[in-house]
Structures are given as C-alpha cells and as structure tokens.
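# Per-entry structural report
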Amino acid sequence: MRKISIYSLAKDHAIDLSDQSWVDETNYAIGIDDQINGFPTCVEARGLIYNADRCTASL
C-alpha cells in the first residue's frame, strides 16, 4: 500500500479558507500552497511542577 501524505490531498479536497476573517487573527492556521485549509482545535502545553526545596535536600 502506498503512503500518501494528508497534506498532498488538500489541493484537491480541502476548501481554501484564506478569505475568512479569523485567518488574520491567528498564528495557528494551517495549509499548503499559500492556502489556509484548517485550524487546530486544540493546542497543548506540557510542563513539570516540582518541589525545589525537596530536590535540593536530596542532594
């Protein structure tokens, strides 16, 4: 089976959303070939919370 990139399908199957008002208000729009074809519905961030006093005491 031949692997196909989902982005390669956008030109023929996705709607160009470049003319939508929200496009100028975000840095997260995605697309190919100078078109905007989508927007992520979730942007995740991860972090680590730790007790610095406890870590220092362990050294």
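Shown above is the structure to which this text applies.
Below is a summary of the structure that appears in this document. (Residues numbered from 1 in each chain as written. Predicted model: local features only at pLDDT ≥ 70, side-chain atom pairs only at ≥ 80, totals over all residues. Heavy atoms only, no water.)

### Some details on the overall build of the protein chain
Threshold: Only DSSP runs of H or I reaching four residues or more are called helices, and only runs of E reaching two or more are called strands; each is numbered from the N terminus. C-alpha atoms define the radius of gyration, and 2.2 Å times the number of residues to the power 0.38 defines the globule rule. Burial classes: relative accessible area under 20% of the type maximum marks a residue as buried, over 50% as exposed, and values in between as partly exposed (1.4 Å probe, protein chains only). Should any heavy atoms of two residues lie within 4.5 Å, those residues are counted as being in contact.
For the protein chain, the helix and strand inventory stands at two helices and zero strands. At 21 Å, the protein chain has a C-alpha radius of gyration far larger than the 10 Å of a compact globule built from 59 residues. Each of the three principal axes of the protein chain carries a C-alpha extent, and together these read 60 × 40 × 15 Å. The proportion of buried residues among the 59 residues of the protein chain is 10%. Sequence separation of at least 24 residues holds for 6% of the intrachain contacts in the protein chain that already meet a minimum separation of 6.

### So, the packing of aromatic side chains
Put simply, the rule reads: Pairing of aromatic rings covers Phe, Tyr and Trp, the last through its six-membered ring, and needs centres within 6.5 Å; plane angles under 30 degrees mean stacked, over 60 mean edge-to-face, and all others mean tilted.
On inspection of all chains with the given rule, the structure shows one aromatic pair. Between the aromatic rings of Trp22 and Phe39, the centroid separation amounts to 5.5 Å while the plane-to-plane angle is 70 degrees, which identifies the pairing as edge-to-face. Of the two residues, Trp22 sits in the loop between helix 1 (10-13) and helix 2 (52-58) while Phe39 sits in the loop between helix 1 and helix 2, which places them 17 residues apart along the sequence. Residue class for Phe39 comes out partly exposed when judged on its relative accessible area of 42%.

### Some details on the side chain of Thr26
Worth spelling out the cut-off: Whenever two N or O atoms come within 3.5 Å, that pair is a polar contact, provided that in protein one can donate a hydrogen and the other can accept it, and provided that, for residues adjacent in sequence, both atoms are side-chain atoms.
You can see Thr26 is positioned in the loop between helix 1 and helix 2. A distance of 3.0 Å separates a polar atom in the side chain of Thr26 from the backbone nitrogen of Tyr28.

### What about the environment of Asn37?
With respect to the helices and strands, Asn37 occurs in the loop between helix 1 and helix 2. Of the residues examined, Asn37 reaches a relative accessible area of 18% and is grouped as buried. Considered as a pair, Asn37 and Gly47 are 10 residues apart in the sequence and their alpha carbons are 30 Å apart. With residues up to four places along the chain from it excluded, the contact list for Asn37 reads Ala10, Ala14, Ile15, Asp16, Leu17, Ile30, Gly31 and Ile32.

### Points about the environment of Pro40
In this structure, Pro40 sits in the loop between helix 1 and helix 2. What makes Pro40 partly exposed here is its relative accessible area of 24%.

### Considering the pattern of salt bridges
This is how the line gets drawn: The salt bridge definition used is simple: a Lys or Arg side-chain nitrogen within 4 Å of an Asp or Glu carboxyl oxygen.
Tallying each qualifying case throughout the model produces one salt bridge. Note that Glu44 and Arg46 form a salt bridge whose closest N and O atoms lie 3.5 Å from each other.

All quantities given are derived from atomic positions and should not be read as evidence of function.
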